[in-house]
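Structural overview for review
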Amino acid sequence: MSNRYTHARVQEYWQHIWEREGVYELSDERIKDGPGTYVLGMFPYTSGSLHMGHIRNYAITDAIARYRRMNGEAVLHPMGWDAFGLPAENAAYDRDTDPESWTRTCIEQMRDELERMGFGYDWSREITTCDPDYYRWNQWLFNRFYEDGLVEYTGAQVNWCPDCETVLADAQVEDSGEETGETAESHASHGDGVCWRCHTPVQRRELDQWFFTITDYADELVDGLDDLDGWPDSIREIQRNWIGRRDGAEIRFAVEDDSIEVFTTRPDTVFGATYVAVAPGHATARQAAAGDEAVTDYLDRAADGQAEGMSGVDTGLTATNPVTGETVPVYVAAYVLDDVGTGAVMGVPAHNERDHAFASEQGLPVEQVLEPDEGQADADATLPYTGEGTVVVDGEYEGLTSSATRDRLLDHAAIEAATTYRLRDWLISRQRYWGTPIPIVHCEDCGAVPVPDENLPVELPEYVQTTGNPLAASTDFLDTDCPDCGEPATRETDTMDTFVDSSWYFLRYLNPDLSAAPFDSDVASDWLPVDVYVGGDEHAVLHLLYIRFLTRALADIGLLDQREPVERLVNQGTVLHSGEKMSKSKGNDVAPHEYGAETTRLFALSAAHPGQDFEWTATDVSNAYEFQQDLYRMVTAFSEDRGGRIESEPHDAYLEREIDRTIAAVTDEYERFRFHRAITEIQQFARLLRRYRNNGTPYRFAYSRGLRVLAKLIAPLAPYLAEELWSALDGEGLIAAADWPTALQDVPAYRVERELVRTTLEDVRDITDVVDITDPEEIELVVAPEWSYHAYDTARDVTPDGSVVGRVMDDDAVPDTEVAADYAVDLAARSGGFEPVLSPEREQTVLEQATWLFEDEFGADVTVRRAAPDGEQAGTARPNKPAIHIS
RNA sequence: GCGAGGGUAGCCGAGCCAGGCCAAAGGCGGUGGGCUUAAGACCCGCUCCCGUAGGGGUCCCUGGGUUCGAAUCCCAGCCCUCGCACCA
């Protein structure tokens, strides 16, 4: 048992030391001194236990933070708790406790688990969103936004989850996932979404609600995506789609004494409008319904979700096309949606698929007004033609291209450039207890009045079990005086969406105890953007859009200089088990500690690069476990024995070069966050060290350096193990605070050297195999003659159309022999494929240093020598490819 | 339908941005051998085809193209994954 490494046996010790030394902490002074490296993982919700997704996420951030720290950077790597939210209320209800106690218990558990995993956080900066000291700043920011016109209070049709008993933001409504399939009629009810949390079908309700006007930033949010090079394309694309900006025009059609505004991205097709259609919820539809039974019926059917496909009803109204002056009928049609554009369209059956379908269904005329551009589709293919073209109607626009027409039409009095967005304002009201109270007082005379800053925080009342909202049940909370007129008034009982809490938490970490402001603007402007943020892509349009919005909003009220919160975003992939996403609800989850905490994190990092999904397999986990044991055994064996040569031998140089090469390779992989590649390199290196060790008495300097490098390279990935190795090797201080290793020699040249050894070994294997030499006695490696290197260099320098053979043979250093001539012909045939080669001296040295590998593998004596100058004995020797004689 | 990202040997996956060092890393699985009383662990090979001296053939979804040279660059197509979608 003694030479087995068990992290559980040492974790407490190292945790204690780390804490005592404060290795993961940054002082406030250091923070104030200016930007270091800010590494952030997703804000954990306080569910009470870590799942594999957390482990993976935090293993990645921890590796990055540790690596950067070892490179001498001041790394801010904080942790805190997204502590408000509905599940705590449900848990409290089920367990007959209150959300706060429940949440605090969960936090204790989770902090403990995180520490056990060996994650190095600056716990001095821990924040908890359900602390009044935190959420008061939500309220304070609400007030600032209120002053700045970013807060709206309006009655709205909102998403209501009957199970959660609260409203949901649009982004929190998911597709039901029920395939509508071939029965294309089911779109009728539009909005058959489900709650993102409990998957209960969402209902619609009309409520007075609080909003942040994120749509004010729609343009900037979508434009900013172009410059977010550090973000994955997929996330940028998702945000682009979600914001859904469409440029077009609004066109006013006169209807009786009134008018209908239609939005279109193709105003150039206005000449072909043969009808106007409005959504069932459009004002014109309601007016038309008065006294018209057919329209009333249709609206009823639409309300029940029964109006399907291309159904519609003629209102009897006519609309005048402002450009052509023609009058066209006005329809109510279910395919026109209330919340898209203006809720009304001009029907151009000749140039729009849906309009064409509707016109066919309703027997409306189709008028072609655009001639397809040359080369576009077959000229008179069947309509609708939806591409660009040339206007073919008589009049001032005739002959203009689509885009010229669009420009010209903007001069028309009834047409205005317009842009629509899919993005809606952020509904932040929640009818729940466990959140930040919205700091508003409702006064009969003064209306909704913000609570003055000096009266913040508005604290949550004590929790009571009730079927409704506990805030509304507490008269102590509810009853207050109007801040404006002093008359009795009542408090707002809605709390804020918890995404408000997590929209600026990364700023609070910089000064978690600041009592005068949510964060220090100067410090925050210095430290932002966050250098690396790691999180799952499930928050692409929630959290990750909100932080971009909030950051801009904060900049605009003068609290921040930065407008983007995150420089580089890494989306970690999913951990699969039996082909499915690992999750408790599927029953295929593996608890993080089941296989040992450090093994689990090491496995998670070794299995794939951060962005990639990977499968949890027992074999791969056990490989990660064995890998730890290997390293531990190697180091303890060395530290117990401490022997070794003092004098170096030629083959030690081989090891020293490999140490340098490994450092370079692993460093490169760390820079790219490719931890699985780093581990592969480290494993190969460890194997080489073992082999070297087994080959004879190691040179103490090189071997111990190799082991120390090994410990350092693994330190960001397996911190407990690394500390154990480091102390066994008598390393100075803590490895967590040690310097990243550097190569002693120039590394780039190694690649060629390494290839030389590798291919030569392969060649020997090949020969013994093909010729069936089972037990070679002697292997002779003959480095090519000097002249062949000259010839090689000469050939490489010849311009593409020059005569290679001539130039090579003209070289004085190249002898006038048949062998040389053949080689020149060879070189000529290469035309360009000249990989770098070593000098003959270097080649010989490298091979000599590697002879132990040949001896070890083939059990033969090995000699290395240079070919005689005339080259006659060189045989097949070429630069980078020694002749091989086996006997 | 629109948009994004992909298709690499039995499997998982590097490589592709910056073409030549690519028959193509590493792991898994399979297989031969070493160590061992044995198992496990560990170590060294092999794992597209042919080959009695390091060679030859075919290969990175398919088909074209650029280039002295393509897994890598360009074009077209097929397939997969994801996002959006009666979106005007």
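This text gives an overview of the structure that appears in the document. (Residues numbered from 1 in each chain as written. Chains lettered and ligands numbered in written order. Predicted model: local features only at pLDDT ≥ 70, side-chain atom pairs only at ≥ 80, totals over all residues. Heavy atoms only, no water.)

A closer look at the protein's contact with RNA strand B
- Around RNA strand B, 56 residues are found, and the nearest of them are Arg246, Arg354, Arg422, Arg751 and Thr876.
- Put simply, 58% of the atoms of RNA strand B that lie within 4 Å of the protein are in sugar or phosphate.
- Within the contact set of RNA strand B, a sugar or linking oxygen lies 3.1 Å away from a side-chain nitrogen or oxygen of threonine 264.
- In the environment of RNA strand B, a base oxygen lies 3.2 Å from a nitrogen or oxygen atom belonging to the backbone of isoleucine 884.
- Only α8 (233-243), β11 (258-264), α20 (618-641), α22 (675-694), α25 (750-770) and β33 (883-886) provide two or more residues apiece to the surface near RNA strand B.
- Broken down by element, the residue count for the surface near RNA strand B peaks at eight residues, all from α25.
- Residues that form the surface near RNA strand B fall into these classes: 15 nonpolar, 17 polar and 24 charged. (Near = heavy atom within 4 Å. Polar contact = N/O pair within 3.5 Å; in protein donor to acceptor, adjacent residues only side chain to side chain. Helix = DSSP H or I, 4+ residues; strand = E, 2+ residues; numbered from the N terminus. Nonpolar A, V, L, I, M, F, W, Y, C, P; charged D, E, K, R; others polar.)

Things to note about the environment of alanine 418
- Along the chain, the position of alanine 418 falls in strand β18 (residues 415-420).
- Along the primary structure alanine 418 and alanine 249 are separated by 169 residues, whereas in three dimensions their C-alpha atoms are 4.5 Å apart.
- Among all residues touching alanine 418, those that are not within four sequence positions of it are Arg246, Asp247, Gly248, Ala249, Glu250 and Phe263. (Contact = heavy atoms within 4.5 Å.)

Section: a negative patch on the surface
- Together, Asp775, Glu777, Glu778, Glu855 and Asp861 give the surface a local cluster of negative charge.
- Looking at where glutamate 777 falls in the secondary structure, it is placed in the loop between α25 and β31 (778-783).
- Glutamate 777 sits in the exposed class, given a relative accessible area of 62%. (Patch = residues over 30% accessible without salt bridge, like charges linked within 9 Å, V, L, I, M, F, W, Y side chains within 5 Å. Areas by Shrake-Rupley, 256 points an atom, 1.4 Å probe, with all protein chains shown as cover. Salt bridge = Lys/Arg side-chain N within 4 Å of Asp/Glu carboxyl O. Lys, Arg positive; Asp, Glu negative; His and termini not counted. Charge placed at Lys NZ, Arg CZ, Asp CG, Glu CD. Buried < 20%, exposed > 50% of the residue type's maximum accessible area, 1.4 Å probe, protein only.)

Examining the sheet that holds strand β21 (residues 440-443)
- Read across the open sheet, the four strands follow the order β22-β21-β24-β23; overall the sheet is antiparallel. Among the strands making up the open sheet, the edge pair consists of β22 (447-450) and β23 (479-481). Pairs of neighbouring strands in the sheet enclose a mean axial angle of 45 degrees, with direction left out of account.
- Relative to β22, β21 is paired through four bridges, and the arrangement is antiparallel. In the sheet register, valine 441 faces β22, and the bridge partner there is valine 449. (Pairing = 2+ DSSP bridges. Axes fitted to C-alpha atoms, helices over the stretch in contact; angles between N-to-C directions.)

Looking at the pattern of salt bridges
- A complete count under the given rule lists 52 salt bridges for this structure.
- For glutamate 126, the salt bridge is made with arginine 111, and the minimal N-O distance between the two is 2.7 Å. On the criterion of sequence distance, the pair formed by glutamate 126 in the loop between α5 (99-116) and β4 (127-128) and arginine 111 in helix α5 is long-range, its members being 15 residues apart.
- Judged by relative accessible area, glutamate 126 falls into the partly exposed class, the value being 25%.
- What you see here is one network of salt bridges that share partners, running through Glu220, Arg548, Arg552, Asp556, Arg563 and Glu564.

As for the packing of aromatic side chains
- Under the counting rule described, the total for this entry stands at 49 aromatic pairs.
- Residues tyrosine 692 and tyrosine 703 carry aromatic rings whose centres are separated by 6.1 Å and whose planes lie at 25 degrees to one another, so their mutual orientation is stacked. Taken together, the residues span a long stretch of sequence, with tyrosine 692 in helix α22 and tyrosine 703 in helix α23 (residues 700-714) at a distance of eleven residues. Neither tyrosine 692 nor tyrosine 703 differs from the other in exposure class; each is buried.
- By the ring-pair criterion, three or more aromatic residues cluster together here, those being Phe142, Phe145, Tyr146, Tyr153, Trp210, Phe212, Tyr217, Trp426, Phe499, Tyr546 and Phe549.
- Across from the ring centre of tryptophan 18, 5.2 Å away, lies the NZ or CZ of arginine 66, which sits over that ring.
- Over the aromatic face of tryptophan 231 sits the side chain of arginine 548, whose NZ or CZ is 6.0 Å from the ring centroid. (Phe/Tyr/Trp six-rings, centres within 6.5 Å; stacked < 30°, edge-to-face > 60°. Lys NZ or Arg CZ within 6 Å of the ring centre and 35° of its normal.)

A closer look at the sheet that holds strand β28 (residues 575-577)
- If you trace the three strands from one edge of the open sheet to the other, you get β29-β28-β30, paired in mixed fashion. Each edge of the sheet is formed by a strand with only one pairing partner; in this case those strands are β29 (580-581) and β30 (614-615).
- Pairing analysis gives two bridges linking β28 to β29, with the strands arranged antiparallel. Following the sheet pairing, histidine 577 is matched in β29 by glutamate 580.

Things to note about the nonpolar core
- If you look at the biggest cluster of nonpolar residues, it comprises 204 residues, and the most contacted ones within it are Trp426, Phe549 and Ile714.
- Sequence-distant contacts of phenylalanine 549, that is, excluding residues within four places in its chain, are made with Leu150, Phe212, Thr213, Ile214, Tyr217, Leu221 and Trp426.
- With 35 residues, the next largest nonpolar core counts Phe271, Ala302, Leu409 and Ile415 among its residues. (Core = buried A, V, L, I, M, F, W, Y, C linked by side-chain atoms within 4.5 Å.)

A look at the pairing of strand β13 (residues 312-320)
- With two bridges joining them, strand β10 (residues 246-255) and β13 adopt antiparallel strand pairing. Paired with valine 255 across the strands is alanine 319, a residue of β13.
- Across six bridges, β13 lies against strand β14 (residues 327-333) in antiparallel orientation. Within β14, the residue paired with valine 313 across the bridge is valine 332.
- Here β13 folds back onto β14, and the loop between the two strands holds six residues, one of which, glycine 325, carries a positive phi near 80 degrees.

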